Amino acid sequence: MHYLFTLLLFSCFSSISLNAQGKITVKNELTFNSKPLELNQSYVTVNKDTILIETVKFYLSNFKIEFQNGTTYKEKNSYHLIDYEEPETLQFELEKINSKIKSVSFDIGVDSLANVSGAMSNDLDATKGMYWSWQSGFINLKIEGKSASCKTRKNKFQFHIGGYQKNTATLRNIVLFFDATHKDDSILNLNYDLSKLFESINLKELSTVMIPGNEAVKIANNFCKIISKK
């Protein structure tokens, strides 16, 4: 099931507009309790789990921009792998015409067409570690780390969230609407506070999700809710 999450501009995102090169710069920042996320640093969740986050990867895709003059821009080959261990992946650019933006939409994850096409090149290359197999497709979101609360080997938690078939689909869509009077600044700041995601995860009860299913669907839903304005 493909869910639609509509986030209002002034509550969740900064304004975006034309810069000198006619580009929109998309910046992605990960935080924990509103502070920049540091990998392999101890954090305490609201469930009293002490955790170390080692890996965070996820796909942003299918960017579409609708402008106030009625024109629309759709990014071609729109797949961006955000990898917190690779700072250069945290920022990319989109095209923009000389008109104010009416709405922006994008997906968290990889669409079904790419999934059935198999591993490809660039950010969809299997060497990126985000592809299961032709049967299960791509991993949309990967979060790994350690916690003494986990009853697993070496106390590891692993959340590999994917699935594209009807009842286990984890692709999620975000739509941002803009007022015609919004201030232009050419930057879209996206913030992801992982502390909010771990509010919905009790590591004593759930520490591993490695296949499509109900647990993956729940985490995909909750990941959408951690997005906010920097």
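For every chain, the first residue of the written sequence is number 1, and numbering continues from 1 along that sequence. A pLDDT threshold of at least 70 governs which residues receive local features in this predicted model, and a stricter bar of 80 or more applies before side-chain atom pairs are shown or counted, although totals over entire chains, interfaces and linings include all residues. The side-chain values count all of the structure's non-hydrogen atoms but skip hydrogen atoms and water molecules.

Asks: Before we go on, may I ask you to explain empty space enclosed by the protein in this structure?
Replies: Picture a little ball the size of a water molecule; that probe, rolled over the atoms, points out where space is still empty. For cavity detection a 1 Å grid was placed over the protein atoms alone, and a set of points counts as a cavity when a 1.4 Å probe fits there but cannot get out; an open set counts as a pocket when protein lies on both sides within 12 Å along at least five of seven lines, with lining residues being those that have an atom within 4 Å of a point. Grid points are joined across faces, edges and corners, and a volume is the space filled by probe spheres set on the points. Taken as a whole, this structure holds 1 cavity of 30 Å³ or more when the rule is applied. If you add up the space inside the largest cavity, you get close to 50 Å³. Taken together, I108, N140, L141, I161, T170, R172, A220, F223 and C224 make up the full set of residues lining the largest cavity. The way it works is that DSSP assigns letters per residue, a run of H or I at least four long becomes a helix, a run of E at least two long becomes a strand, and they are numbered from the N terminus. Those elements that provide at least two residues to the lining of the largest cavity are β11 (137–147) and α4 (214–224). When residues of the lining of the largest cavity are assigned to their parent elements, the largest contribution, 3 residues, is made by α4. In this classification, Asp, Glu, Lys and Arg are treated as charged, Ala, Val, Leu, Ile, Met, Phe, Trp, Tyr, Cys and Pro as nonpolar, and every other residue, Gly included, as polar. Of the residues contributing to the lining of the largest cavity, the split by class is 6 nonpolar, 2 polar and 1 charged.

Asks: In this structure, what is going on with the environment of Q68? I would like to understand it.
Replies: With respect to the helices, strands and loops of the structure, Q68 is situated in the loop between β5 (50–67) and β6 (72–74). Taking C-alpha positions, Q68 is 5.5 Å from K100, a pair spaced 32 residues apart along the chain. Residues within four places of Q68 in sequence aside, it is in contact with S99, K100, I101, K102, F178, D179 and A180. The contact rule is simple, with two residues in contact once any of their heavy atoms fall within 4.5 Å.

Asks: Would you take a moment to explain the side chain of K142 for this structure?
Replies: Residue position: K142 is located in strand β11. Buried, partly exposed and exposed residues are distinguished by accessible area as a fraction of the type maximum, computed with a 1.4 Å probe on protein chains only: under 20%, between the cut-offs, and over 50%, respectively. We count Lys and Arg on the positive side and Asp and Glu on the negative side, and we leave His and both chain ends out. A pairing counts as a salt bridge when a side-chain nitrogen of Lys or Arg comes within 4 Å of a carboxyl oxygen of Asp or Glu. Within the buried set, K142 has no salt-bridge partner at all; the shortest N-O distance to an opposite charge, 4.6 Å, is to E144. Among the polar contacts made by the side chain of K142, one reaches the main-chain carbonyl oxygen of G129 at a distance of 2.6 Å. Pairs of N or O atoms are called polar contacts if they sit within 3.5 Å, as long as, within protein, a hydrogen donor faces a hydrogen acceptor (for residues adjacent in sequence, only side-chain-to-side-chain pairs).

Asks: Help me out: how do you make sense of the pattern of salt bridges in this one?
Replies: Pairing between side chains of opposite charge can happen when their charged atoms approach one another. Overall, the coordinates contain 5 salt bridges when judged by the stated rule. A salt bridge links K23 to E95, with the shortest nitrogen-to-oxygen separation between them at 2.3 Å. Linking K23 in strand β2 (residues 23–32) with E95 in strand β8 (residues 91–95), this pair joins segments that are 72 residues apart in sequence.

Asks: Just checking my understanding: could you explain the confidence of the model for the protein for this structure?
Replies: Interpreting fine coordinate detail is not advised for predicted regions of low pLDDT. The pLDDT value expresses, per residue, how confident the predictor is, ranging between 0 and 100. For the protein, per-residue confidence averages 87 on the pLDDT scale, and residues scoring 70 or more make up 88% of the total. The low-confidence segment residues 1–21, where pLDDT is below 50, has 83 contacts with residues more than four positions distant or belonging to other chains.

Asks: Looking at this model, I keep getting lost on the layout of surface pockets. Mind explaining?
Replies: In this structure, the largest pocket encloses a volume near 170 Å³. Its residues assigned to classes, the lining of the largest pocket shows 3 nonpolar, 3 polar and 1 charged.

Asks: How should I be thinking about the side chain of H160 in this particular structure?
Replies: Among the secondary structure elements, H160 is positioned in strand β12 (residues 156–162). Within the structure, the side chain of H160 is placed 2.6 Å from the side chain of E144, a separation counted as a polar contact. Not counting the four nearest positions on each side in its chain, H160 is found in contact with W132, I139, L141, K142, E144, V209, M210 and I211.

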